[in-house]
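Take a look at the letters that make up each chain.
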Amino acid sequence: MGTVIRNVSFDCADPYELAQFWSRVFDCPVDPEFKPGDEELVIEPPGGPRLYFQRVPEPKTVKNRVHICLQPDVPRDREVERVLALGATVVADRREPDGTGWVVLADPEGNEFCVLRSDAERALAEKVTDE
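Keep in mind that this is a model prediction, so the values were computed, not measured.

*Asks:* Account for the environment of F113, with residues named and values stated.
*Replies:* Topologically, F113 is positioned in strand β7 (residues 112–115). By relative accessible area, which is 0% here, F113 ends up buried. For F113 and T61, which are 52 residues apart along the polypeptide, the C-alpha to C-alpha distance reads 16 Å. If we ignore the near neighbours within four places in the chain, the residues touching F113 are F21, W22, H67, I68, L70, V83, A88, V103, V104, L105, A106 and D107.

Right, dumping it as structure tokens:
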């Protein structure tokens, strides 16, 4: 393989605070070498690409062109509630009555991301449609 993803970058006003939010989402600590006021920070979620946070002067003004999708190991709705309690907000609720769909959330600086169904929820839905 010639090319790999080094990291996913987030432009933000406060890299330290935004990294703290995402470190709680992924339950992975921010390296203690990083301090409030740093211009850039990195966290390394288990099993995923590094997340890189860089200070930029301009605020976010439009919808992200690229975003991350989270697939939890717990039911989707439980994960949505957990992440909301950490400081996310709902942008769009795309959940369907049959249990399919996803929820679009925003982190504290407005960056959109989605929470999808877990593997267990997907397998259950496939089993029901097979019957």
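*Asks:* Would you mind going over the side chain of R117 in detail, with residue names and values included?
*Replies:* With respect to the helices, strands and loops of the structure, R117 is situated in the loop between β7 and α3 (119–130). No salt bridge is formed by the buried R117, whose closest oppositely charged neighbour, E121, lies at an N-O distance of 6.1 Å. Apart from the residues within four sequence positions on either side, R117 is in contact with Q71, R76, G99, T100, G101, R122 and A125.

*Asks:* Could you give an account of the packing of aromatic side chains, naming the residues involved and the relevant values?
*Replies:* Throughout the structure, instances matching the rule amount to five aromatic pairs. Centroid distance W22 to F26: 5.9 Å. Interplanar angle 25°. Geometry classified as stacked. Here F26 and W22 lie together in helix α1 (residues 15–26), a separation of four residues that amounts to about one turn. Each member of the aromatic cluster is reached from another via a ring pair, and the members are F10, F21, W22, F26, F53 and F113.

Rules used throughout
Residues numbered from 1 in each chain as written. Predicted model: local features only at pLDDT ≥ 70, side-chain atom pairs only at ≥ 80, totals over all residues. Heavy atoms only, no water. Helix = DSSP H or I, 4+ residues; strand = E, 2+ residues; numbered from the N terminus. Buried < 20%, exposed > 50% of the residue type's maximum accessible area, 1.4 Å probe, protein only. Contact = heavy atoms within 4.5 Å. Lys, Arg positive; Asp, Glu negative; His and termini not counted. Salt bridge = Lys/Arg side-chain N within 4 Å of Asp/Glu carboxyl O. Phe/Tyr/Trp six-rings, centres within 6.5 Å; stacked < 30°, edge-to-face > 60°.

Without other data, these values stay purely geometric and don't point to any function.
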